[in-house]
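For reference, the chains in residue letters:
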Amino acid sequence: MLLSEVGYARPSSVDEAVRLLAENDGARPLAGGQTIVNVMKARAAAPDVLVDLADLAELRTIAVSDEGALELGALATYSELITSAEVKETRPIVAEVAAQIADVQVRNRGTVGGNVCSNDPTNHLPPVFVAVGAAMTIVGADGERTVPAEEFFLGVYMTAAGPGELLTKVVVPPAGESRDGFSAVTIGADGTCIVSAAATVTGDQARIVLGCVAATPVLLTAAADAEAVREAVRGAELDPPSDVHGPAEYRRQLAEVVAARAVAAAGEGH
Ligand SMILES: Cc1cc2nc3c(=O)[nH]c(=O)nc-3n(C[C@H](O)[C@H](O)[C@H](O)COP(=O)(O)OP(=O)(O)OC[C@H]3O[C@@H](n4cnc5c(N)ncnc54)[C@H](O)[C@@H]3O)c2cc1C
C-alpha cells in the first residue's frame, strides 16, 4: 500500500480545524501535501488523522493591510504569490523567491504555511521571512498569538506552531527604505538549495539570513559591503552539515559567497 491507513477530516472553519487538531495528538494539518504525503510514503511519519485545510478559504487570501503590510494567508500557494499584484507592489522578493522553488507542479500545490511549518532547512521561504522581519500568526485552543519569524523556527521540522496549532498567516512589513535580495546555490536549476541567503538592506546595514547551514535560519547583521558581509559569515563560526551534496567546509565557503551575492542583489533593486 502506498500510504499506511490514516484518518481524514475536512473542517470548514479555522475553529473546527483547531478543535480537530487539539482532540488528537496524532492529527496533522494537510496543506499542499508536497512534504507530508512524501514523508508518509517514505514511512518517516505516520499521522493518525490528516486535517485537510483545503476548505479554509480565509487562509488563502493575499492582502495589504491599512499599515501597508503584506498579509499572506497560510494556504496561499507559491503560484499565487508569483502572480499576486499585492506581493509585487509590497515585497516582490517573496514572489521572486517563490518562483525559484522546484517545478510548476510543486509551485501550484505548495503553500506558504507548509513551507515554513515543515522547516526543512533547505526550504526557500524561511530565510526570506526572517530577513524581512515577518510575523507569524498562530491559532490554537488558547486563541491567537504572533511570533516574530526569527523566533518561529525551532529545529528541523519544528516550529513555534506546535501540535494542536495552526499557522494562519505570515505578515510581511512594507519595504519602506529597505531593499531585499536572495541568492542560492542549488542542485541543478530550480533545485534544492545547498546554501541559500536572503538579505534586507536598510541604509548601509544588512540583515542577512543563511539557510541550509544549520537546523534553523541563521541571522547575521553587517555593513552592506561584500567584505564586511563575508567577515560576518566567517565570524559566525558556522557548523553546517556534510552530506552527499557537499562537505561542511564547502558549505561554509558557499555561505560567504551567497551572503555577499544576496546583499549585492538587494543593492540592485527591489
Ligand atoms: C520534488 C519536490 C521538490 C521540492 N523542492 C523544494 C525547494 O527547492 N524549495 C522549497 O522551499 N521547497 C521545496 N519542496 C517542498 C515544497 O515547497 C512543499 O510544498 C513545502 O515544503 C510544504 O508545503 P505544503 O503546502 O505542500 O505542505 P504540506 O506537505 O501539506 O505540510 C507540510 C508540513 O507542515 C504542516 N502544515 C502545513 N500547513 C500548516 C499550517 N497552516 N499550520 C501548521 N502546520 C502546517 C503539515 O502538518 C506538515 O507537517 C519540494 C517538494 C517536492 C515534492
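This structure is a prediction, so every number in the text was calculated from the model and none was measured.

### Some remarks on the overall build of the chain
So, step 1. From N to C terminus, the chain includes eleven helices and 14 strands.
So, step 2. Here the C-alpha radius of gyration of the chain, 18 Å, is about what a compact globule of 270 residues would show, namely 18 Å.
So, step 3. Structurally, the chain occupies a C-alpha span of about 55 × 45 × 35 Å along its principal axes.
So, step 4. Here the chain holds 270 residues, and the buried ones make up 50% of them.
So, step 5. In the chain, once contacts between residues fewer than 6 apart in sequence are set aside, the share between residues at least 24 apart is 57%.
So, step 6. Working note: accessible area of the chain is about 12,300 Å², and carbon and sulfur atoms make up 50% of it.
So, step 7. Distance from the positive charge centre (19 side chains) to the negative charge centre (36 side chains) of the chain: 5 Å.

### What to know about the sheet that holds strand 12 (residues 193-202)
So, step 1. The four strands are arranged 11-12-13-14 in an open sheet whose pairing can be described as antiparallel. Every other strand in the sheet has two partners, leaving strand 11 (179-186) and strand 14 (218-223) as the edge strands with one partner each. Shown here is a sheet whose adjacent strand axes are inclined to one another by a mean of 20°, direction ignored.
So, step 2. Sheet topology note: the strand 13 (residues 205-211)/strand 14 ladder contains six bridges and is antiparallel. What sits directly across from I208, in strand 14, is L220.
So, step 3. On the sheet, helix 10 (residues 226-235) packs against strand 13 and strand 14 and is oriented at approximately 145° with respect to strand 14.
So, step 4. Taken strand by strand, helix 11 (residues 248-267) contacts strand 11, strand 12 and strand 13, and its axis lies near 35° from that of strand 12.

### A few points about the site of the ligand
So, step 1. Surveying the vicinity of the ligand reveals 30 residues, the closest of which are P29, G33, Q34, Y78 and T111.
So, step 2. T35 places a polar main-chain atom, nitrogen or oxygen, 2.9 Å from an oxygen atom of the ligand.
So, step 3. With the chains in place, 85% of the 980 Å² that the ligand exposes on its own is no longer accessible.
So, step 4. For the shell around the ligand, the per-class residue count stands at 13 nonpolar, 15 polar and two charged.
So, step 5. Looking at the shell around the ligand, you find at least three residues from each of domain 1 (7-52) and domain 2 (57-172).

### What about the packing of helix 10 against helix 11?
So, step 1. Put simply, helix 10 and helix 11 touch, their axes get as near as 9 Å, and they point 140° apart. On the basis of the axis angle, helix 10 is oblique to helix 11. Read as a crossing pair, helix 10 and helix 11 show a hand that is right-handed. In contact with A226, V229, R230, V233 and R234 of helix 10, helix 11 contributes A255, E256, V257, A259, A260 and V263.
So, step 2. Residues of the contact of helix 10 with helix 11, tallied by class, amount to eight nonpolar, no polar and three charged.

### Some points on the packing of aromatic side chains
So, step 1. Tallied over the full model, the rule gives one aromatic pair.
So, step 2. For the ring pair F152 and F153, a centre distance of 5.1 Å and an interplane angle of 85° mean the geometry is edge-to-face. Per residue, the accessibility class of F152 equals that of F153, and both read buried.

### Here we look at the domain arrangement of the chain
So, step 1. Taken domain by domain, the chain comprises domain 1 (7-52), domain 2 (57-172) and domain 3 (179-267).
So, step 2. Between the C-alpha centres of domain 1 and domain 3 the distance comes to 33 Å.

### Digging into the nonpolar core
Within soluble globular proteins, side chains that are nonpolar tend to cluster in buried spots.
So, step 1. Judged by nonpolar contacts, the single largest core of 38 residues is most densely connected at L72, L81, F129, M136, F152 and V170.
So, step 2. Counting residues per element, the ones that place at least two in this core are strand 5 (70-73), helix 3 (78-83), helix 5 (93-98), helix 7 (112-118), helix 8 (125-131), strand 6 (135-140), helix 9 (149-152) and strand 10 (166-172).
So, step 3. In terms of domain composition, this core takes at least three residues from each of domain 2 (57-172) and domain 3 (179-267).
So, step 4. Counting residues in each nonpolar core, the second largest holds 24 residues, with I194, A199, V218 and V258 among its members.

### A short note on the environment of G164
So, step 1. Topologically, G164 is positioned in the loop between strand 9 (158-159) and strand 10.
So, step 2. On a C-alpha basis, the gap between G164 and A9 in space is 14 Å, while along the polypeptide they are 155 residues apart.
So, step 3. Those residues in contact with G164 that lie beyond four places of it in its chain are V18, L21, A22, V139 and G140.

### Section: the sheet that holds strand 4 (residues 62-64)
Hydrogen bonds between backbone groups are what pair the strands of a sheet, and the pairing can be parallel or antiparallel.
So, step 1. Overall, antiparallel pairing links the five strands, which are arranged 4-5-10-6-7 in an open sheet. Taken across any chain shown, the strands that pair with only one partner, and hence form the sheet edges, are strand 4 and strand 7 (143-148). Strand-to-strand twist of the sheet, defined as the mean angle between neighbouring strand axes without regard to direction, takes the value 20°.
So, step 2. Pairing geometry for strand 4 and strand 5, over three bridges, is antiparallel. Along strand 5, the bridge assignment pairs A63 with E71.
So, step 3. Against the sheet, helix 1 (residues 14-23) touches strand 6 and strand 10, its axis set at about 130° to strand 10.

Thresholds applied
- Residues numbered from 1 in each chain as written.
- Predicted model: local features only at pLDDT ≥ 70, side-chain atom pairs only at ≥ 80, totals over all residues.
- Heavy atoms only, no water.
- Helix = DSSP H or I, 4+ residues; strand = E, 2+ residues; numbered from the N terminus.
- Rg over C-alpha atoms; globule rule 2.2 N^0.38 Å.
- Buried < 20%, exposed > 50% of the residue type's maximum accessible area, 1.4 Å probe, protein only.
- Contact = heavy atoms within 4.5 Å.
- Areas by Shrake-Rupley, 256 points an atom, 1.4 Å probe, with all protein chains shown as cover.
- Lys, Arg positive; Asp, Glu negative; His and termini not counted.
- Charge placed at Lys NZ, Arg CZ, Asp CG, Glu CD.
- Pairing = 2+ DSSP bridges.
- Axes fitted to C-alpha atoms, helices over the stretch in contact; angles between N-to-C directions.
- Near = heavy atom within 4 Å.
- Polar contact = N/O pair within 3.5 Å; in protein donor to acceptor, adjacent residues only side chain to side chain.
- Nonpolar A, V, L, I, M, F, W, Y, C, P; charged D, E, K, R; others polar.
- Domains from an automatic or database assignment.
- Parallel < 35°, antiparallel > 145°, perpendicular 65-115°, else oblique.
- Left-handed = near helix turned anticlockwise from the far one by under 90°.
- Phe/Tyr/Trp six-rings, centres within 6.5 Å; stacked < 30°, edge-to-face > 60°.
- Core = buried A, V, L, I, M, F, W, Y, C linked by side-chain atoms within 4.5 Å.

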